[in-house]
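Chain residues, written in single-letter form:
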Amino acid sequence: MQILRITREPPGGSGNTLARFDVALNDDIRLFGLRITERSAGGYSVYGPNAHGTRIVTFSYELVDQMARAALAALEEQKPHDRTTA
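Residues numbered from 1 in each chain as written. Predicted model: local features only at pLDDT ≥ 70, side-chain atom pairs only at ≥ 80, totals over all residues. Heavy atoms only, no water.

Draft legend 1. Local environment of the overall build of the chain. Across its full length, the chain holds 1 helix and 6 strands. Starting at the N terminus and ending at the C terminus, the chain contains elements arranged as β-β-β-β-β-β-α. Each of the three principal axes of the chain carries a C-alpha extent, and together these read 35 × 30 × 25 Å. Relative to its full complement of 86 residues, the chain shows a buried share of 28%. Considering only intrachain contacts with a sequence separation of at least 6, the fraction spanning at least 24 residues in the chain is 33%. When the accessible surface of the chain is split by element, carbon and sulfur atoms take 48% of a total near 5,800 Å². Side-chain charges in the chain split into 10 positive and 10 negative, and the spacing between the mean points of these groups amounts to 6 Å. (Helix = DSSP H or I, 4+ residues; strand = E, 2+ residues; numbered from the N terminus. Buried < 20%, exposed > 50% of the residue type's maximum accessible area, 1.4 Å probe, protein only. Contact = heavy atoms within 4.5 Å. Areas by Shrake-Rupley, 256 points an atom, 1.4 Å probe, with all protein chains shown as cover. Lys, Arg positive; Asp, Glu negative; His and termini not counted. Charge placed at Lys NZ, Arg CZ, Asp CG, Glu CD.)

Structure (structure tokens):
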């Protein structure tokens, strides 16, 4: 799994969204426009984009955990002034 791009959500952005990111799950599958959020009960959620008001993808808890850890690590690697690269 590789984070291809990650952008912090700007202050006052979409609710509890921390960042938006693109990920390569493996050599065959890439997902674009994912959103990582912090849950009020603790932990993180990862959402794919919607199409015509309907979810187009969902993830298992295990995959959410893996993607969240990778996305948060990519955010930690960014310099404070760098908002567009991972």
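Right, picking up where we left off after that structure.
Draft legend 2. Representation of the pairing of strand β2 (residues 17-24). Counting buried residues along β2, 6 of its 8 residues qualify, which places the element largely inside the surrounding structure. Where strand β1 (residues 2-8) and β2 come together, 6 bridges link them in antiparallel fashion. Residue pairing for β2: Ile6 is matched across the bridge by Phe21. Strand direction decides the pairing type here: β2 and strand β3 (residues 30-38), joined by 6 bridges, are antiparallel. (Pairing = 2+ DSSP bridges.)

Draft legend 3. Focus on the pattern of salt bridges. Throughout the structure, instances matching the rule amount to 3 salt bridges. We note a salt bridge from Asp22 to Arg5, for which the minimum N-O separation is 3.0 Å. With Asp22 in strand β2 and Arg5 in strand β1, this residue pair connects regions lying 17 residues apart in the sequence. Judged by its relative accessible area of 10%, Asp22 falls in the buried class. (Salt bridge = Lys/Arg side-chain N within 4 Å of Asp/Glu carboxyl O.)

Draft legend 4. Expanded view of the side chain of Thr17. Along the chain, the position of Thr17 falls in strand β2. Of note is the side chain of Thr17, whose polar atom sits 3.2 Å from the side chain of Arg35. Setting aside residues no more than four positions away along its own chain, Thr17 makes contact with Glu9, Arg35, Ile36 and Thr37. (Polar contact = N/O pair within 3.5 Å; in protein donor to acceptor, adjacent residues only side chain to side chain.)

Draft legend 5. The arrangement of the sheet that holds β1 in detail. Taking strand neighbours across the sheet as the criterion, the 4 strands line up as β1-β2-β3-β4 in an open arrangement whose pairing is antiparallel. Single-partner strands in this sheet number two, and they are β1 and β4 (44-47). Averaged over all neighbouring strand pairs, the angle between strand axes comes to 25 degrees, with direction disregarded. Pairing geometry for β3 and β4, over 4 bridges, is antiparallel. In the strand pairing of β4, Glu38 is matched with Tyr44. (Axes fitted to C-alpha atoms, helices over the stretch in contact; angles between N-to-C directions.)

Draft legend 6. Highlighting unusual backbone geometry. Notably, His52 is not glycine yet its phi reads approximately 55 degrees, a positive angle. Relative to the assigned elements, His52 resides in the loop between β5 (50-51) and β6 (54-55).

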